[in-house]
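A structural walkthrough
Listed here are the chains, written in short residue letters.
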Amino acid sequence: MSGKNYTKVSEFVLLGFGNLHGFNVLFFVVFLIIFVFTITGNLLIIVLVSITPALQTPMYYFLSHLSFSDLLISTNILPNILGSLLFGKEIITYCGCITQFYFFSASTVTECFLLSIMSYDRYLAICNPLRYSTIMSMMFCVNLSVWPWLFSFTSNLLIVLPISDFDFCADNVIDHFYCDLSPLQKLSCSNTFLVELEVLVFSLPIFIFPCGFITVTYIYIFHTIFSILSPTDKQKAFSTCSSHLLVVGLFYGTLIAKYMIPSKGHSLVINKISSVLHTVCTPLFNPIIYSLRNQDIRGSIMSAVTQPGGVAHPRLDDVTSRASTSL
């Protein structure tokens, strides 16, 4: 490789969705509305959990972290989509591209672990309710929420740092709307085998293990629910985990469609659509699912609208005992 000449790449061109045959403005308005609703919905959940006593439970505490992760993904990706729709393409610096990939991948990994933590919370609330308040103490909840962020943003450096040392040939055009690993590998003139190996090795603890953990916890949850004799109690128990189960299905469904289904023979359009489902639809639908299916959140929204003003902040461990009926 030393005998070849390379042009130092200082920026990348994101083609986005390309020419939409005159519908760019329409799609720009649609994605702008989605962006506003996504930011508003996730911020609303974070604020409500912070100020509403009825929502001061472990499940909602973890939900606020999930909403913050969705905010990071939305503010990281959607501005590029809006720019490419408005101007036909989006220019992003080399450092900006690497930084965008880092925050996107780290936020995605964080969500994987947060969803598995939330499934463990539901498992304790349904399968072991008598010990729930003892196990899910405030300190334990804080530790459970902090470690996913630390692990995700630290472990992703092992992948991002080698990518930052890639040599790129003169071509700097990315036919996508954000900087992802696959298009960066295709543009690189370097040997990407090490990065591919790291991604393969890290995929087991980062994606497979949380997914398997969630599956096992819900096997125990459903076994417990189906053993309940009273139909009313059975319906009440199922309602405590239905919203989380929908969010898990949406997240892993779009993640599998984006990264785990073989892309050979798939068009770039299909790849972009699956990316939109994962990076745009998931952060939008998460707060909608919890808001529409959750009486506590709907009630908190109505209280905030009809009775504006500050609310006292109770300690998390003072209210963990309400968690088994909070969703």
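The shown structure was predicted, so the numbers you read here are calculated from the model rather than taken from an experiment.

Focus on the environment of L181
Positionally, L181 belongs in helix α7 (residues 181–187). Using a relative accessible area of 14% as the deciding quantity, one classes L181 as buried. For the pair formed by L181 and I159, sequence separation is 22 residues and the distance between their alpha carbons is 9.6 Å. Contact partners of L181, with chain neighbours within four places excluded, come to F101, I163, V195 and V199.

Here's the deal with the packing of aromatic side chains
Taken as a whole, this structure holds 23 aromatic pairs when the rule is applied. On the basis of an interplanar angle of 45 degrees and a centroid distance of 5.8 Å, the ring pair of Y218 and F222 is categorised as tilted. Here F222 and Y218 lie together in helix α8 (residues 193–226), a separation of four residues that amounts to about one turn.

Describing the confidence of the model for the chain
Of the residues in the chain, 87% reach a pLDDT of 70 or more, and the chain-wide mean stands at 84. For residues 310–327, every residue scores under 50 in pLDDT, and the model assigns this stretch 46 contacts once sequence neighbours within four places are set aside.

Quick word on the UniProt feature "transmembrane region" (unreviewed entry) in the chain
Here, UniProt's "transmembrane region" (unreviewed entry) annotation points to residues 25–48, 60–79, 91–118, 200–222, 243–261 and 273–292. In residues 60–79, the share of helix is 100% and the share of strand is 0%. The end C-alpha atoms are 28 Å apart.

Conventions we followed
Residues numbered from 1 in each chain as written. Predicted model: local features only at pLDDT ≥ 70, side-chain atom pairs only at ≥ 80, totals over all residues. Heavy atoms only, no water. Helix = DSSP H or I, 4+ residues; strand = E, 2+ residues; numbered from the N terminus. Buried < 20%, exposed > 50% of the residue type's maximum accessible area, 1.4 Å probe, protein only. Contact = heavy atoms within 4.5 Å. Phe/Tyr/Trp six-rings, centres within 6.5 Å; stacked < 30°, edge-to-face > 60°. pLDDT = per-residue confidence, 0-100. UniProt positions renumbered as here; feature names shortened; annotations may be inferred.

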